[in-house]
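What follows is the residue order along each chain.
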Amino acid sequence: MSLVAIGINHKTATVDLREKVAFAPDKIHDAMRSLASRTKTGEAVIISTCNRTELYCNTGEEADVIAWLEEYHQLNHEDVEPCLYRYAGQEVVQHLMRVSAGLDSLILGEPQILGQVKQSFVKAKEAGTVAVTMDRLFQNTFSVAKKVRTETEIGAAAVSVAFAAVSMAKHIFSALSATKVLLVGAGETIELVARHLKDNGVDSMVVANRTISRAEAMCDEFGATAITLEQIPDYLPKADIVISSTASPLPILGKGMVEKALKQRRHQPMLLVDIAVPRDIEAEVGELDDAFLYTVDDLQSIIEQNMASRREAAEKAELIAEEESHLFMEWVRSLESVDSIREYRTASMAIKDELVERAINKLAQGGDSEKLILELANKLTNKLIHAPTQALTAASRQGDLNSIGQLRTALGLDKD
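Residues numbered from 1 in each chain as written. Predicted model: local features only at pLDDT ≥ 70, side-chain atom pairs only at ≥ 80, totals over all residues. Heavy atoms only, no water.

The next subject is the overall build of the chain. When helices and strands are tallied, the chain shows 15 helices and ten strands. The C-alpha radius of gyration of the chain comes to 33 Å, more than 25% above the 22 Å expected for a compact globule of 416 residues. Structurally, the chain occupies a C-alpha span of about 120 × 50 × 40 Å along its principal axes. Counting only residues that meet the buried cut, the chain has 42% of its 416 residues in that class. (Helix = DSSP H or I, 4+ residues; strand = E, 2+ residues; numbered from the N terminus. Rg over C-alpha atoms; globule rule 2.2 N^0.38 Å. Buried < 20%, exposed > 50% of the residue type's maximum accessible area, 1.4 Å probe, protein only.)

Moving on: the nonpolar core. In terms of nonpolar packing, the biggest core is built from 60 residues, with Ile46, Leu55 and Phe138 touching the most fellow members. Setting aside chain neighbours within four positions, we find isoleucine 46 in contact with Phe23, Ile28, Ala31, Met32, Leu35, Glu54, Leu55, Trp68 and Ser120. Ala165, Phe173, Met218 and Val273 belong to the second-largest nonpolar core, a separate cluster that totals 30 residues. (Core = buried A, V, L, I, M, F, W, Y, C linked by side-chain atoms within 4.5 Å. Contact = heavy atoms within 4.5 Å.)

Spatially, the four strands line up as an open sheet ordered β2-β3-β1-β4, and their pairing is antiparallel. If you trace the sheet from one side to the other, it starts and ends with β2 (43-48) and β4 (85-88), each paired once. Strand-to-strand, the axes of this sheet are offset by a mean angle of 10°, without reference to chain direction. By the bridge criterion, four bridges tie strand β1 (residues 3-9) to β4 in an arrangement that is antiparallel. Each residue of the ladder has a partner; that of alanine 5, found in β4, is tyrosine 87. Running over the sheet, helix α6 (residues 112-127) touches β2 and β3 (52-58) and is turned about 140° from β2. In this fold helix α7 (residues 132-151) packs onto β1, β2 and β3, with an angle of close to 35° to the strand it touches most, β2. (Pairing = 2+ DSSP bridges. Axes fitted to C-alpha atoms, helices over the stretch in contact; angles between N-to-C directions.)

Before going further, it helps to examine the side chain of serine 245. Relative to the assigned elements, serine 245 resides in the loop between β8 (241-244) and α12 (255-264). Leave out the neighbours within four places in its chain, and serine 245 touches Val184, Gly185, Thr189, Ile190, Ile275, Ala276 and Asp280.

For the rest of this paragraph, the subject is the side chain of glutamate 324. In this structure, glutamate 324 sits in helix α13 (residues 296-364). Residues within four places of glutamate 324 in sequence aside, it is in contact with Met97, Val144 and Lys147.

Turning next to the sheet that holds strand β9 (residues 270-274). Each strand in a sheet pairs with another by means of backbone hydrogen bonds, the pair being arranged parallel or else antiparallel. Taken together, six strands build an open sheet; the order of strands is β7-β6-β5-β8-β9-β10 and the sheet is parallel. Edge positions in the open sheet fall to β7 (225-228) and β10 (291-295), since each of these has one partner strand only. Going across the sheet, the axis of each strand differs from the next one's by a mean of 20°, ignoring polarity. Across five bridges, the pairing between strand β5 (residues 180-184) and strand β6 (residues 204-209) is parallel. Pairing of valine 184 across the sheet is with alanine 208, part of β6. Contacts between helix α8 (residues 161-172) and the sheet are confined to β8, β9 and β10, with β9 contributing the most and set at about 165° to the helix.

So, about the packing of α8 against helix α9 (residues 188-199). Orientation of α8 relative to α9, taken along the N-to-C sense of each, is 40°, at an axis distance of 8 Å. What the angle tells us is that α8 and α9 run oblique. Pair α8 / α9 crosses with right-handed handedness. Contacts from Ala162, Phe163 and Val166 in α8 reach Thr189, Leu192, Val193, His196 and Leu197 in α9. (Parallel < 35°, antiparallel > 145°, perpendicular 65-115°, else oblique. Left-handed = near helix turned anticlockwise from the far one by under 90°.)

Let us now look at empty space enclosed by the protein. In this approach, a probe sized like a water molecule rolls over the atoms, and the result shows the empty space that is left. Considering all chains together, one arrives at two cavities of 30 Å³ or more under this definition. Volume-wise, the largest cavity comes out at about 60 Å³. Together, Leu355, Arg358, Ala359, Lys362, Leu372, Glu375, Leu376 and Lys379 line the largest cavity. Elements supplying a minimum of two residues to the lining of the largest cavity: α13 and α14 (369-398). Looking at the lining of the largest cavity residue by residue, the class counts come to four nonpolar, no polar and four charged. In this structure, the second largest cavity encloses a volume near 30 Å³. Secondary-structure elements contributing two or more residues to the lining of the second largest cavity are β1 and β3. With three residues, the top contributor of residues to the lining of the second largest cavity is β1. Across the lining of the second largest cavity, the residue classes tally to five nonpolar, two polar and no charged. (1 Å grid on protein atoms, 1.4 Å probe; cavity = no way out; pocket = protein on both sides within 12 Å on 5 of 7 lines; lining within 4 Å. Points joined across faces, edges and corners; volume = space filled by probe spheres on them. Nonpolar A, V, L, I, M, F, W, Y, C, P; charged D, E, K, R; others polar.)

With that out of the way, let us pick up the packing of aromatic side chains. All chains considered together, the criterion is met by nine aromatic pairs. Relative to phenylalanine 142, the ring of phenylalanine 121 has its centre 5.7 Å away and its plane inclined at 70°; by these criteria the two rings are edge-to-face. One end of the pair, phenylalanine 121, is in helix α6; the other, phenylalanine 142, is in helix α7, and 21 residues separate them in sequence. Among the aromatic residues, those joined into a cluster by ring pairs are Tyr56, Phe121, Phe138 and Phe142. Directly above the ring of phenylalanine 142 sits lysine 118, whose terminal nitrogen or CZ lies 5.7 Å from the centroid. Note that lysine 238 overlies the ring of tyrosine 235, its terminal NZ or CZ placed 5.1 Å from the centroid. (Phe/Tyr/Trp six-rings, centres within 6.5 Å; stacked < 30°, edge-to-face > 60°. Lys NZ or Arg CZ within 6 Å of the ring centre and 35° of its normal.)

Following this line, the structure appears as structure tokens:
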């Protein structure tokens, strides 16, 4: 068996090149079948995300896999080759485990990549390009990723502004599912915040945006209510949590607006998280009783501390990936030994059957039984010791003491 992997990611190539080597979801099945046809075992899996494209093959030739990638996307070798990384054997196993555990991601320890790898594996099974080795490799990889999450803190700490904002809310409110949330803005950051909130059981969300159509498009996904920025004063008193991220050059929520809302709330506490630059919420809001205001700088300090924590956890996770890759290769070698034993026994039995058949034929023709038995024993012995004798002779001529020692042990000459 010879596992091979080649890839390109955010560390080695620009967005422009990554886009060119990516595989469209509707063409991935045919691409995997085409790649698998270049291997002896017909096993191949392609992982293609916005940050990486990786090809995994069993018994593939590295140069052939690279040539296939270039041919498939009609790219020049000079453009692609310098941006590729290559792995073989155990390196392939360890790399795949690192990728799935988030150790090779743009954001260390991010969990989304595991789902993407699982989807790629499912598509490969649908395409019929997964057999025993690849199946075992990916199943083991998923177990390792789970082990990393369970035994380390790599995914526990928030390392994105959106995740940090929601994590802060979780620390202040015992149950996010019971809170009402007002989101100001409808950009990528707020959309990610909404997704984290939904994952934490929040069902009551209002999205305020300058363009109501953009807010409505986002609300469809999360079951939220869309309003305009002018409607914020009407909805603010109902909000337990306010998270804002717009591109407005001036503050959207002023001290007076928030103060009025708090009075209507009978001074129930309100968490306000301003992750916009410039600020969406006036700094003076933080002076109000029952208003807890945090800015992007506050979140950034949390993120920096958490990144340090993740890097520490990653060291332990790296050891897990290394150890588990060794265990997988031991399993691979056990398969190879089983195949070798089977081949050796089959070859030996074929020699025995051939010589016995000849002896029986000679006996039937009236040959001397004692002479035939002796002849059979000599010929069988000579046939069986021929290959080991040649190997020992060659090792002796080359002074290869290591091979001589292994052969002596295999032949039972050094029983101690």
